[in-house]
Structures are given as structure tokens and as C-alpha cells.
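This is what each chain is made of:
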Amino acid sequence: MTDEYARVQEAAAFVGARVPTVPEMAIVLGSGLGDFAAHVADAVVLPYETIPGWPRPTVVGHAGKLVVGQVRGRRVAVLSGRAHFYEGHPMANVVFATRVVAMLGVKAILLTNAAGGINTAFPQGVLMVIDDHLNLIGTNPLIGPNEDRFGPRFPDMTEVYSKRLRAVADRAAAKNGLAIAHGIYAGLHGPSYETPAEIRYLRAIGADAVGMSTVPEAIVARHMGMEVLGISCITNMAAGVFDQPLNHSEVMETAQRVRGAFIALLEEIVENA
Ligand code: HPA
């Protein structure tokens, strides 16, 4: 048994012993979206620091707790706060939460994030269903000896983001009267925002949005056989689209502005997933 397998197993056993049943879906909340955790009924709240082996996020806007309960009658595990590669966490910590929920028996994971808009047709604040990603992080969470009990050495990445769940997201948006976008998410490690030249390059290679999370979690989720859905909140236009500098406050402000619509969409997706 690898040490990592044992570490994930210990955390999953700890969580499993404290929740009534295995959640159907895990939901990772991106920057400024922590509010969704308050919408969970019959909640069992497990602060990350109480779970053995769990890495602690440090970035502003990430609370750091696992909330297990019900949303619209469906059993969910909400991950409020995630570990980013740019914080200095080893990749194993970046993907730890994903592996724990997979080991618990959760079958689907909804990854949300804040992202910069590269596609100039996107209005600021629009929610984008991730159709596919570009892994530009410069590494891969599966590097190292393969743990066969997690998944295969060379996992297929043909359909990282489930067609079925993307269709659920489209129907949920239509039902809520919400215009949503679709696109390709480029995952970079950050933490500096991109240069205008980098954004032109990303546009040329097919990216619609850019962010600093999600890709490692999506790869690991597929490795362990979970169905994945990704939704980006386009909190700002990427560098150079407008003649103005980027900052984290703008990201948080936009996320706050659209959080009502985002929460309503997530609830509708959870109900119909
Ligand atoms: N670039 C990278 N990550 C981001 C951005 C951005 O413009 N906005 C929110 N996350």
C-alpha cells in the first residue's frame, strides 16, 4: 500500500464514520462561492483541520470545511475551500479532497471556479460550462508510481467533463432562465495573472477561459472513475482584453454579484444530476 493510499483511506474512513450515508455528488466551491455551503440541510460540518491528513488552504475567500448533507433532497458533500498548487502544496495535497470523496464512494464531482474570460464574446459574470480543458500547469497529479487501486496508469481523457452532466447543466440553466456559456478552460499554475501576450497565445490554442485550479482535480476524478462537471464563473476579462489591470478584489466582487444565480443553478443541477 502506498503511503498516499493509506492517507486517503484514513481521511475517507474518518468522514465515512461521521456521515449517515455516502453522498451522491461532491461539489467543490471556487473563489467567493463559499455561500453555497449554507444551503445544505441536515449538515454535518467537518472543518478541514479536524480531518486526518487534510491539507489546509490559505487563500482569502476559502473557508476550509467539508459540509455533508442534503440539497433538494439529494445527498451532497460540499467542499468549501480547496488547496491550490500556487500555495506551495504538493500535487498530492491539491487533489487530496477529490481522492477522499472518490474513496468514500461518491460517483460525481462538480468543480466550480473563478476564471478569466479569454473569449471576448463572454460577458463578465457569465457562468461557463467547461467542455474540455488544457492542462498547462506544467505537471500532472498522476506523476509517480501508479496506485492501481486509484485507477489505471494511463487514464483516458477523451471525455473528462461528462456529456450527460453538461446536458443536465444546460437544462438547469434553461429552467432558471439563465444564459450560460460553454468553453475550454486553460489551467495554469499561477499565482501571477497572465500577461496580455500569454492570453493571446491561450486564445490561439483554443482556450475560452483561464484559471488556477480544477484541472488537477478533474484528472484525478477521472482516474478514480468519477463523473465530472466543471463550471467557471467568468469573474473578469483576462489580461489585455481591456486596458486595465487585474486584481483579486474584482474576482471576488463579480463572484459575489452572481452568487445568487450560481447557487440557484447548482441546486437545479444537483436535483437533476
Ligand atoms: N486568470 C487566471 N485565473 C483567474 C483569473 C484570471 O484572469 N480570474 C480568476 N481566476
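The structure we're discussing is the one just above.
Here's a quick rundown of the structure.

Cut-offs and rules
Residues numbered from 1 in each chain as written. Predicted model: local features only at pLDDT ≥ 70, side-chain atom pairs only at ≥ 80, totals over all residues. Heavy atoms only, no water. Helix = DSSP H or I, 4+ residues; strand = E, 2+ residues; numbered from the N terminus. Rg over C-alpha atoms; globule rule 2.2 N^0.38 Å. Buried < 20%, exposed > 50% of the residue type's maximum accessible area, 1.4 Å probe, protein only. Areas by Shrake-Rupley, 256 points an atom, 1.4 Å probe, with all protein chains shown as cover. Near = heavy atom within 4 Å. Polar contact = N/O pair within 3.5 Å; in protein donor to acceptor, adjacent residues only side chain to side chain. Pairing = 2+ DSSP bridges. Contact = heavy atoms within 4.5 Å. Salt bridge = Lys/Arg side-chain N within 4 Å of Asp/Glu carboxyl O.

1. Examining the overall build of the chain
Okay, step 1: Scanning the chain from N- to C-terminus turns up eight helices and nine strands.
Okay, step 2: The C-alpha atoms of the chain give 17 Å as radius of gyration, which agrees with the globular expectation for 273 residues (19 Å, within 12%).
Okay, step 3: Expressed as a percentage of the 273 residues in the chain, the buried residues total 54%.
Okay, step 4: For the chain, the exposed area adds up to about 11,200 Å²; of that, 53% sits on carbon and sulfur atoms.

2. Some thoughts on the site of the ligand
Okay, step 1: Taken together, Ala114, Ala115, Gly116, Tyr193, Glu194, Val210, Gly211, Met212, Thr235, Asn236, Leu246 and Val251 make up the full set of residues near the ligand.
Okay, step 2: Between the ligand and Gly116 there is a distance of 3.3 Å, counted from a nitrogen atom to a backbone nitrogen or oxygen.
Okay, step 3: Glu194 is positioned such that a nitrogen or oxygen atom in its side chain is 2.8 Å from a nitrogen atom of the ligand.
Okay, step 4: Those elements that place two or more of their residues in the shell around the ligand are strand S5 (108-117), strand S8 (209-211) and strand S9 (227-237).
Okay, step 5: Broken down by element, the residue count for the shell around the ligand peaks at three residues, all from S5.

3. Here we look at the pairing of strand S7 (residues 181-187)
Okay, step 1: Taking burial as the measure, the seven residues of S7 include five buried ones, the bulk of the element.
Okay, step 2: Examined bridge by bridge, strand S6 (residues 127-135) and S7 share seven bridges and lie parallel to one another. From the neighbouring strand, Leu134 faces S7, where its bridge partner is Ala186.
Okay, step 3: Note that S7 and S8 share three bridges and pair parallel. Counterpart to Gly187 in the pairing with S8 is Gly211.

4. Describing the side chain of Glu217
Okay, step 1: With respect to the helices, strands and loops of the structure, Glu217 is situated in helix H6 (residues 215-223).
Okay, step 2: Polar contacts involving the side chain of Glu217 include one to the main-chain amide nitrogen of Thr214, which spans 2.8 Å.
Okay, step 3: Residues in contact with Glu217, not counting those within four places in the same chain, are Val28, Arg82, Val94, Val95, Thr98 and Leu111.

5. Some words on the pattern of salt bridges
Okay, step 1: By the definition in use, this model includes 11 salt bridges.
Okay, step 2: For the salt bridge of Glu268 with Arg72, the shortest nitrogen-to-oxygen distance reads 2.9 Å. A residue pair is termed long-range when its members are at least 10 positions apart, and Glu268 in helix H8 (residues 259-272) and Arg72 in the loop between strand S3 (65-71) and strand S4 (74-80) qualify at 196 residues.
Okay, step 3: Owing to a relative accessible area of 4%, Glu268 belongs among the buried residues under this scheme.
Okay, step 4: Here Arg72 falls in the partly exposed class, since its relative accessible area comes to 39%.
Okay, step 5: Here Arg149 and Glu147 are joined by a salt bridge, their closest N and O atoms 2.9 Å apart.
Okay, step 6: Through salt bridges that share partners, Arg72, Lys175, Glu267, Glu268 and Glu271 make up one connected network.

6. Concerning the pairing of S5
Okay, step 1: The buried count for S5 comes to 10 of 10 residues, which makes it a mostly enclosed element.
Okay, step 2: Pairing of S5 with S9 involves 10 bridges; the strand directions are parallel. Counterpart to Asn113 in the pairing with S9 is Ser232.
Okay, step 3: Bridge count between S5 and S8: two bridges; the pairing is antiparallel. Along S8, the bridge assignment pairs Gly116 with Val210.

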